[in-house]
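Each chain, written out:
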Amino acid sequence: MASAQGSNHGGTGGHGLPVTIDSINAGLTCAEILGKYNQGDAFFTKDALQRVLSQLDDLKAGKLKDNKMYIPNIKGFEVEIDLQPGTAIFIDGRCHHGDRREGPYIYYRSLQRMADYADMPDFGRQKAFLSFAVLYPPPGLGPFPVPSVTFKELSEAFNERAQTWDTSEHHQQLQKHLEAHPAVLHNVKKIVAFACGTMATGATIIQRTVLQHVMVLGLQKIITKIQATAPTSPSKLPPPDTEESKGKAVDTEESKGKAVDTRPQLIAQDPAYWPVDKQMLAAANITVMDDPRALLEVTNDSVVVSIDANAPIEHIIIDLARPAAIIWSGLMHGPHVRPTNVPLGWPIIKASRFHEVLRDEYTELKLQPNNDLRNMVLYVRKEVSK
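Let me begin by describing the structure that accompanies this report. Just so it is clear, the structure is predicted and the values come from calculations on it, not from any experiment.

### Thoughts on the environment of cysteine 30
Now for step 1: Note that cysteine 30 resides in helix H2 (residues 21-38).
Now for step 2: Residues cysteine 30 and phenylalanine 129 lie 99 residues apart in sequence; the distance between their C-alpha atoms is 8.8 Å.

Here is the structure:
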């Protein structure tokens, strides 16, 4: 009879993979992950993100018991994570981005990583079903080029780009596309931007990322103009059983004589931001939010901008909502992927959910390529016919 060790390591499968208990469990887990994805199960939910945010807040306040977090995986099982610097259940192989300057931070796993589990130093079945986890950055990262650019210098560069953007061909093209869809955009309340990047490194101002933030400001102007001329929508009427709908007096900013800002709120999230970035964005009335707070702000009445994110933002957004419009630039996961650790004959990812949603529910509007804005594409949600 073969020993336990022999049964775990005796031979290889037809795909050249060692036949071990771990490899069998991993293959079964991968097949289950892909099956859940192919049937449309959500891997990212606002409830799960809110729960991890609450625990992160407790950790920062010194209230997290034994430094242990509990994160639900995609099967609903709560996985315990012992948060200790220098240890991690996943290996974050991305570039040394801003979220890795300090910790802890949320590590979002792409479908590819979940399926091939290449980011797991030790395979664990319940851990493999995690779509995100909380990690401390590994020791020895850096040094990071802290910006020496002053707020005055960055502000001058920002305002200069803003002036040229308003008269640029790219701005006019974006405005033309958006103005053709007033019914979809008239109720937009927020513009949420991800991964627009730090605007300075060392003594250098990064013009590309400055323009990306300027474009977010430009979007606000365009949508505000659309909303000022669009017909009133039933969705803007007070819901039933509110004090206003019952005819009772309601104190509002307008009734108190205060000016009301009706423009869509601007929100930005990028862990790469330095203090000078946050100061500049605050001056431009762009609210910077830490992860995952900006994700929790994404709704059907929002516009999402994502520029070359190195997290699976496209998957997360489509799981959370159907934004009115999406401006996208970056690598999309799909459309067909076979994880490297899965033998032939096992399920494959039939198509990127992001691609499917964009194809079926959005109108694609190409934007002229721009060296600073990359190859951006605008997607506007299709109107639902009555």
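### So, the side chain of glutamine 175
Now for step 1: Looking at the secondary structure, you find glutamine 175 in helix H7 (residues 169-179).
Now for step 2: When sequence neighbours within four positions are dropped, the list of residues in contact with glutamine 175 reads Ile222 and Lys225.

### A short note on the packing of helix H6 (residues 151-166) against helix H10 (residues 275-283)
Now for step 1: Across the interface, H6 lies against H10 with an axial gap of 10 Å and an inter-helix angle of 50 degrees. Comparing the axis directions of H6 and H10 gives the class oblique. Relative to H10, the crossing made by H6 is right-handed. Taken together, the residues of H10 that come into contact with H6 (itself represented by Phe151, Leu154, Ser155 and Phe158) are Val276, Asp277, Gln279, Met280 and Ala283.
Now for step 2: Grouping the amino acids of the contact of H6 with H10 by side-chain chemistry returns six nonpolar, two polar and one charged.

### Digging into the nonpolar core
Now for step 1: Counting 63 residues, the largest nonpolar core has Tyr108, Phe132, Phe194 and Leu295 as its most contacted members.
Now for step 2: Once residues lying within four places of it in the same chain are set aside, the contact partners of leucine 295 are Lys46, Leu49, Tyr108, Phe194, Gln269, Ile313, Ile316, Ile317 and Leu320.
Now for step 3: One finds Val214, Val216, Val276 and Ile307 within the second-largest nonpolar core, a separate group that totals 45 residues.

### Brief notes about the packing of H6 against helix H9 (residues 207-229)
How two helices sit against one another is set out by the angle between their axes and by the gap between those axes.
Now for step 1: Close contact between H6 and H9 brings their axes to 9 Å; oriented N to C, the two are set at 55 degrees. When the axes of H6 and H9 are compared, the pair comes out oblique. Classified by chirality, the crossing of H9 by H6 is right-handed. Of the residues in H9, those touching H6 at Leu154, Ala157, Phe158, Arg161, Ala162, Trp165 and Asp166 are Gln207, Val210, Leu211, His213, Val214, Met215, Leu217, Gly218 and Lys221.
Now for step 2: For the contact of H6 with H9, the per-class residue count stands at 10 nonpolar, three polar and three charged.

### What about the environment of arginine 113?
Now for step 1: Secondary-structure assignment places arginine 113 in helix H4 (residues 111-116).
Now for step 2: Judged by its relative accessible area of 31%, arginine 113 falls in the partly exposed class.
Now for step 3: On a C-alpha basis, the gap between arginine 113 and alanine 128 in space is 9.3 Å, while along the polypeptide they are 15 residues apart.
Now for step 4: In this structure arginine 113 touches Tyr107, Ala118 and Asp119, once residues within four positions along its chain are discounted.
Now for step 5: Within the local environment of arginine 113, its side chain forms a polar contact with the side chain of aspartate 116, the two groups lying 2.7 Å apart.

### A closer look at the sheet that holds strand E9 (residues 286-288)
Now for step 1: Overall, mixed pairing links the seven strands, which are arranged E9-E8-E5-E10-E11-E13-E12 in an open sheet. For this open sheet the edge positions go to E9 and strand E12 (362-366), each flanked by a neighbour on one side alone. Averaged over neighbouring strand pairs, the angle between their axes works out to 20 degrees when direction is ignored.
Now for step 2: Of the pairings in the sheet, the one linking strand E8 (residues 265-269) to E9 comprises three bridges and is parallel in character.

### Section: empty space enclosed by the protein
Now for step 1: According to the stated counting rule, one finds two cavities of 30 Å³ or more in the structure shown.
Now for step 2: One number sums up the size of the second largest cavity: a volume of about 80 Å³.
Now for step 3: The wall of the second largest cavity is formed by Trp165, His170, Gln173, Leu174, Met215, Leu367, Gln368, Asn370, Leu373, Arg374 and Met376.
Now for step 4: Sort the elements by how many residues they give to the lining of the second largest cavity and H7 lands first, with three residues.
Now for step 5: Taken together, the residues of the lining of the second largest cavity break down into six nonpolar, four polar and one charged.

### Brief notes about the packing of aromatic side chains
A ring pair, where both rings are aromatic, is described by two values, the distance of the centres and the angle of the planes.
Now for step 1: Inspection of the entire model under this criterion finds seven aromatic pairs.
Now for step 2: With a centroid separation of 6.2 Å and 55 degrees between ring planes, the pair formed by phenylalanine 44 and tyrosine 108 is classed as tilted. Separated by 64 residues along the polypeptide, phenylalanine 44 in the loop between H2 and helix H3 (46-60) and tyrosine 108 in strand E3 (residues 105-108) bring together distant segments of the chain. As far as the burial class goes, phenylalanine 44 and tyrosine 108 line up, both buried.
Now for step 3: Ring plane angle 55 degrees and centroid distance 5.0 Å describe the contact between tryptophan 328 and phenylalanine 354, whose orientation is recorded as tilted. Taken together, the residues span a long stretch of sequence, with tryptophan 328 in strand E11 (residues 325-329) and phenylalanine 354 in helix H13 (residues 353-361) at a distance of 26 residues. You'll find tryptophan 328 and phenylalanine 354 in the same group, each marked buried.
Now for step 4: By way of ring pairs, the aromatic residues Phe44, Tyr108 and Phe132 are connected into one cluster.

Rules used throughout
Residues numbered from 1 in each chain as written. Predicted model: local features only at pLDDT ≥ 70, side-chain atom pairs only at ≥ 80, totals over all residues. Heavy atoms only, no water. Helix = DSSP H or I, 4+ residues; strand = E, 2+ residues; numbered from the N terminus. Contact = heavy atoms within 4.5 Å. Axes fitted to C-alpha atoms, helices over the stretch in contact; angles between N-to-C directions. Parallel < 35°, antiparallel > 145°, perpendicular 65-115°, else oblique. Left-handed = near helix turned anticlockwise from the far one by under 90°. Nonpolar A, V, L, I, M, F, W, Y, C, P; charged D, E, K, R; others polar. Core = buried A, V, L, I, M, F, W, Y, C linked by side-chain atoms within 4.5 Å. Buried < 20%, exposed > 50% of the residue type's maximum accessible area, 1.4 Å probe, protein only. Polar contact = N/O pair within 3.5 Å; in protein donor to acceptor, adjacent residues only side chain to side chain. Pairing = 2+ DSSP bridges. 1 Å grid on protein atoms, 1.4 Å probe; cavity = no way out; pocket = protein on both sides within 12 Å on 5 of 7 lines; lining within 4 Å. Points joined across faces, edges and corners; volume = space filled by probe spheres on them. Phe/Tyr/Trp six-rings, centres within 6.5 Å; stacked < 30°, edge-to-face > 60°.

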